[in-house]
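Overview (structure and organization)
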Amino acid sequence: MADTLRPTKVEINLKKLSYNLNVIKNEIGSRKIMAVVKANAYGHGLVEISKHFEKEGVDYLGVAFIEEALVLRKARIKTPILVLGGLDNEQIDMFLENDITITGSSIEKLKTISTRAKKLNKVAKVHLKVDTGMGRIGVQWDRVRPFFKAAFQLPNINIEGIFSHFVSSSSDLKLTRIQLERFNRALKVLDSYVDKDKLIIHLSNSGGVANQIKDAYFDMVRSGLSLYGYSPISEFQEKLKPIMTFKTKVSYFKVLEKGSTVGYDAKYITKERTRIVTLPVGYADGYARSLSNKGKVIIRDKEYPLAGRICMDQCMVDIGSKGEAYNGDDVLLWGNDGKNNIDLWEVSKLADRSIYDILCSISQRVPRVYISYFY
Ligand SMILES: Cc1ncc(COP(=O)(O)O)c(C=O)c1O
C-alpha cells in the first residue's frame, strides 16, 4: 500500500518508545530486557520498531513465530531473537540456519532439535519453557526433572535460558506469587544439572514490572505492552507515554433531516436536522466495529460521537446542527496529537476489547508513520 498518501494512518512516536524503554530500565536496573515485538510489534510495525530497539541496545527480541524472526533477520537485525511460541518440528532447520533461539517445551521436541542440529553440524540455542499455570506450552513445574535431565544431556543443544509466563500479573497478585513459587521450585531442580548463573532466567512481563514484583525479575524481563506505553496499573501508566496516535481526515460532509437513517441496519436515526461527516476508516482498518454508536472522535478540538454502525472502510460522525468540519480536516481517533487526547483505555472500555486486541488489530493497509520528537 502506498503509504503516506492515505489520510488514515497511525503515527508512531519513537522518541516516546525510547522514553518507555528507559522507564523500564530504571525499574529493573542492570538486568537484561527482552522487547516483545510479536504480532507486528503489537501493531506498531515489526521491522521499524525492532530496528529502533536494536539501536537502543535491547538484549533480546521476542516474537511468536519463526516467520516473524526471519523477517527480522532479512532486515539485517542482529540482536538475539527468541521465538516464544510452540515449535513446529518441520521448521527447526530455519532456526539453526538463521541463529534464532528456540523455546524448548518438551523432551520430544528437544530430541528432535538435537537430531536436526547434529545433522546440520550446528548447536541449537534453546530456552526451556516451564508451565507454572498458563496451561499452554511448556513442561509442568512439578514434572521438570526428566525434562531438565534430557536438556543437559542431549548433544548439539546449548541451553541458554529458562522461563515461564505469568497468567495475570497485572490483576491477580495472589496467583502471580503462586506462579513465582512454582517457578522457584522448578529452578531448585535445575541445580542438579547446571550452574544456574550460566543461564538467562526470565519470568516477568509488563504486569510484573508495573507491580514491582522484584523477585520475579531474575536475569531478564520480557516487556511488550508497557514499552508501547500502556499499563493497566494506573501508577505505572502515569510513568509511560503511549506511542501511537490513530488519525484520519474528513472525507465527506452532508446535512441530514430529522429522522434520517445512518449506516447499515439503520442503527442510528437523527434526532434533529444535523450535520454528518464521513471518515475513510472502518473495521477492516482495525477501528473496532464494537465502537459503533459508542466511540468518539475529535475534530477541530471538539469531541463528537460516531453515528451508526462502523462500516468495513468508512464510518460516520454526527457533529450536530452547528458542528464545524470540512473535507480534509484532521480527525483524532485515539492517542495524542499534541493538542488533544483520546485515551486508548477509554476506547478499550467502550469497545469492550483489550488494548492488546485493539493494537494488534490495526491492519496492514493502515500506513505506519514514524516520528522522533516529543510533543
Ligand atoms: C511469553 C510471553 N512473554 C512476554 C509477553 C509480553 O507481555 P506484555 O505485553 O504483557 O508485557 C508475552 C505477550 O503475550 C508473552 O506471550
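Per chain, residue numbering runs from 1 following the sequence as it is written. Two thresholds apply to this predicted model, a pLDDT of at least 70 for residue-level local features and 80 or more for giving and counting side-chain atom pairs, whereas whole-chain, interface and lining totals are computed over all residues. Only hydrogens and water are removed before side-chain values are computed, so all heavy atoms of the structure are retained for them.

1. Concerning helix H3 (residues 46-56)
Counting along an α-helix, one turn takes 3.6 residues, and residues three or four places apart therefore face a common direction. Selection rule: Burial classes follow relative accessibility: with a 1.4 Å probe on protein chains only, a residue under 20% of its type's maximum area counts as buried, one over 50% as exposed, and anything between as partly exposed. Helix and strand assignments come from DSSP, with helices taken as H or I runs of at least 4 residues and strands as E runs of at least 2, each series counted from the N terminus. The directions from the helix axis to the C-beta atoms are what the arc is built from.
Every buried residue of H3 is accounted for by Leu46, Ile49, Ser50, His52 and Phe53. Here the buried residues of H3 occupy an arc of 155° about the axis, which is enough to place them on one side. One or two steps after H3, the chain reaches Gly57, where phi turns positive at roughly 80°.

2. Here's the deal with the domain arrangement of the protein
The condition is simple: Throughout the structure description, domain borders are defined by an automatic or database domain assignment. Between two residues, a contact is recorded if the distance between any of their heavy atoms is within 4.5 Å. Accessible area that two parts lose when put together, with a 1.4 Å probe and added across both, is what the buried area reports. Within this document, salt bridges are pairs made up of a side-chain nitrogen of Lys or Arg and a carboxyl oxygen of Asp or Glu, the two lying within 4 Å of each other. N or O atoms closer than or at 3.5 Å make up a polar contact, with two conditions inside protein: a donor-capable atom paired with an acceptor-capable one, and, for residues adjacent in sequence, both atoms drawn from side chains. Residues are grouped as follows: Ala, Val, Leu, Ile, Met, Phe, Trp, Tyr, Cys and Pro are nonpolar; Asp, Glu, Lys and Arg are charged; every other residue, Gly included, is polar.
The domain architecture assigned to the protein consists of domain 1 (31-229) and domain 2 (244-371). Contacts between domain 1 and domain 2 engage nine residues on the former and eight residues on the latter. A combined buried area of about 860 Å² lies between domain 1 and domain 2, and 65% of that area is made up of carbon and sulfur atoms. Among the residues domain 1 hides against domain 2, the three largest losses belong to Tyr42, His44 and Leu225. Together they make up 54% of the total. Where domain 1 packs against domain 2, one counts zero salt bridges. Seen at the junction of domain 1 and domain 2, the total is two residue pairs in polar contact (both at pLDDT 80 or more). Elements represented by at least two residues in the side of domain 1 that touches domain 2 include exactly helix H2 (38-42) and H3. Per-class residue counts for the side of domain 1 that touches domain 2 are four nonpolar, four polar and one charged.

3. Notes on the nonpolar core
Generally speaking, a soluble globular protein has its nonpolar side chains buried in company with each other. What counts here: Within this scheme, the nonpolar core is defined by two criteria: the residues are buried Ala, Val, Leu, Ile, Met, Phe, Trp, Tyr or Cys, and they are joined through side-chain atoms within 4.5 Å.
Among the nonpolar cores identified, the biggest contains 115 residues, and Phe53 and Tyr287 are the most heavily contacted of them. When residues of this core are assigned to domains, at least three fall in each of domain 1 (31-229) and domain 2 (244-371). Those residues within four positions of Tyr287 in sequence are excluded, and the remaining contacts are Phe246, Val281, Gly282, Lys296, Val297, Leu306, Ile310, Cys315, Leu333 and Trp334. Core analysis: the next-biggest nonpolar cluster, separate from the first, contains seven residues, Leu256, Ile276, Cys311 and Met316 among them.

4. Some points on helix H1 (residues 14-28)
The condition is simple: One less than the residue count of a helix, multiplied by 1.5 Å, gives the span that helix is expected to have.
Here H1 contains 15 residues, and its C-alpha end-to-end distance of 21 Å stays within 8% of the 21 Å for a straight helix at 1.5 Å per residue. For H1, the N-terminal capping position is held by Asn13, with its side-chain oxygen 3.0 Å away from the main-chain nitrogen of Lys15. Positive phi appears at Gly29, one or two residues downstream of H1, with a value of about 65°.

5. Section: the environment of Ala216
Its location among the elements puts Ala216 in the loop between helix H9 (206-210) and strand S10 (220-223). Using a relative accessible area of 0% as the deciding quantity, one classes Ala216 as buried. In this structure, the C-alpha to C-alpha distance between Ala216 and Thr115, residues 101 residues apart in sequence, is 34 Å. Leaving out residues up to four positions away in the same chain, Ala216 has contacts with Phe166, Leu180, Leu203 and Ser204.

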